Amino acid sequence: MILQLIFLAFFSTTSLHAEDKKILWDSWYTIKVYDNVPFSYYNETVEDRGEQIHFQQKMWKKEKDSIIEEHIGLLAKNNEELTPILFNFFRSNGPSSETIIDGTLNEKNSLHIKMREAANIKTWNRQLPKETFLATFFPVWIAKNWAKFKVGKKMNFKAIVEDSYVTDFPISPGWVRLEKEDKFSKANKTQKFTVHFRDASSYWWVKPSGQMIQMEMPEQNALVESTTETKAKEFLKNGK
């Protein structure tokens, strides 16, 4: 855990002055499953750092009688393709059960991934096809391509999911389709998108900045909603 905190501190305090950073969004969310069962809450902070984009997500999940913590920090080039630079993923279910995954892109466009779990270390190397980005950056990718979307037309993408070690980190294709405005999108000044990725479809309501306001995942019977920090931190306690 100490190493993880040091890594997250590095992400937050790289040698940039405050005026060089622009926070694109700092949002809290809750996730309900099976219509109304509290499952998780999380925070996303996304920063424009000039030549780089920094994305940090902290999540707390309820599994049986435990709270699982997951943190991920990512850096990408601030270009339309969001070319990966590096990422760190951390999952904790107590000090005796931790998973740490680090990924770094080298000059040959190969993503080197190392996973540490208990006393075990495993590594992968994935040659990234052009325009492949880290999956957590997906809402930023939507913002980067905002002007290209046309109602009813699909846009394709390729992404790698940062914790997909069970399936050996495949490069997964997906598509996005802009939908017509509905009542929710009009009321919240968002656009509605259908997203198909890893054999599942979801519906996203997104602001032009890339900030997601609501997401429905019918196949998982799950609903993600934006909320306040106070309500998010109480979510798993009182289920509201």
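Up top is the structure.
What counts, and at which threshold
- Residues numbered from 1 in each chain as written.
- Predicted model: local features only at pLDDT ≥ 70, side-chain atom pairs only at ≥ 80, totals over all residues.
- Heavy atoms only, no water.
- Helix = DSSP H or I, 4+ residues; strand = E, 2+ residues; numbered from the N terminus.
- Buried < 20%, exposed > 50% of the residue type's maximum accessible area, 1.4 Å probe, protein only.
- Areas by Shrake-Rupley, 256 points an atom, 1.4 Å probe, with all protein chains shown as cover.
- Core = buried A, V, L, I, M, F, W, Y, C linked by side-chain atoms within 4.5 Å.
- Contact = heavy atoms within 4.5 Å.
- Phe/Tyr/Trp six-rings, centres within 6.5 Å; stacked < 30°, edge-to-face > 60°.
- Lys NZ or Arg CZ within 6 Å of the ring centre and 35° of its normal.
- Pairing = 2+ DSSP bridges.
- Polar contact = N/O pair within 3.5 Å; in protein donor to acceptor, adjacent residues only side chain to side chain.
- Salt bridge = Lys/Arg side-chain N within 4 Å of Asp/Glu carboxyl O.

A. Layout of the overall build of the protein chain. Along the backbone of the protein chain there are four helices and 15 strands. By the burial criterion, 46% of the 240 residues in the protein chain qualify as buried. Only carbon and sulfur atoms are counted for the fraction: they give 51% of the accessible area of the protein chain, which is about 12900 Å².

B. Fine view of the nonpolar core. F137, F138, W141, F157 and F193 are the most contacted members of the largest nonpolar core, which totals 50 residues. In this structure F137 touches I53, F55, L74, L75, A76 and L82, once residues within four positions along its chain are discounted.

C. Region of interest: unusual backbone geometry. In this structure, A118 takes a positive phi of about 55° despite not being glycine. For A118, the location among the structural elements is in the loop between β7 (110–117) and β8 (120–127). Although it is not a glycine, D199 sits at a positive phi angle of roughly 65°. Residue position: D199 is located in the loop between β12 (191–197) and β13 (200–206).

D. Local environment of the packing of aromatic side chains. Applying the stated criterion to the full structure yields 18 aromatic pairs. Seen in terms of ring centroids, F138 and F157 are 5.2 Å apart; in terms of plane orientation they differ by 40°. Their pairing is tilted. Separated by 19 residues along the polypeptide, F138 in helix α2 (residues 138–144) and F157 in strand β10 (residues 154–160) bring together distant segments of the chain. By relative accessible area, which is 6% here, F138 ends up buried. Its relative accessible area of 6% is what places F157 among the buried residues. Members of the aromatic cluster, connected to one another through ring pairs, are F133, F138, W141, W146, F149, F157, F193, F197 and W204. Across the ring face of W175, the terminal group of K154 is positioned such that the distance to the ring centre comes to 4.1 Å. In this structure, K192 is placed above the aromatic ring of Y203, and the distance from its NZ or CZ to the ring centre is 5.3 Å.

E. Structural view of the pairing of strand β11 (residues 171–178). Of the strand pairs in this sheet, β10 and β11 are connected by seven bridges, and their pairing is antiparallel. Counted as the bridge partner of K158 is P173 from β11. Across five bridges, β11 lies against β12 in antiparallel orientation. Residue pairing for β12: L178 is matched across the bridge by F193.

F. A look at the side chain of S40. By secondary structure assignment, the location of S40 is in strand β2 (residues 37–48). Within the structure, S40 has its side chain in polar contact with the backbone oxygen of W60 (distance 3.0 Å). Sequence-distant contacts of S40, that is, excluding residues within four places in its chain, are made with Y29, T30, I31, M59, W60, K61, F235 and L236.

G. Main features of the pairing of β13. The element β13 is extensively covered by neighbouring structure, given that six of its seven residues are classed as buried. Here seven bridges tie β12 to β13, and the two strands are oriented antiparallel to one another. In the sheet register, H196 faces β13, and the bridge partner there is S201. Connecting β13 to the next strand, strand β14 (residues 212–217), in antiparallel fashion are five residues, including G210 with a positive phi near 105°.

H. Molecular detail of the pattern of salt bridges. The tally for this structure, following the rule as stated, stands at eleven salt bridges. The shortest N-O distance in the salt bridge between K61 and E70 comes to 3.2 Å. On the accessibility criterion, K61 (15% relative accessible area) is buried. In this structure, R91 engages E70 in a salt bridge whose closest nitrogen and oxygen atoms are separated by 2.7 Å. Of this pair, R91 sits in strand β5 (residues 84–92) while E70 sits in strand β4 (residues 66–77), placing them 21 residues apart in sequence. Within this structure, K61, E70, R91 and D163 form a network of salt bridges that share partners.

I. Just the environment of T83, in detail. Here T83 shows up in the loop between β4 and β5. Along the sequence, T83 and N109 sit 26 residues apart, while their C-alpha atoms lie 9.3 Å from each other. When residues no more than four places from it in sequence are discounted, the contact partners of T83 are A76, K77 and L105.

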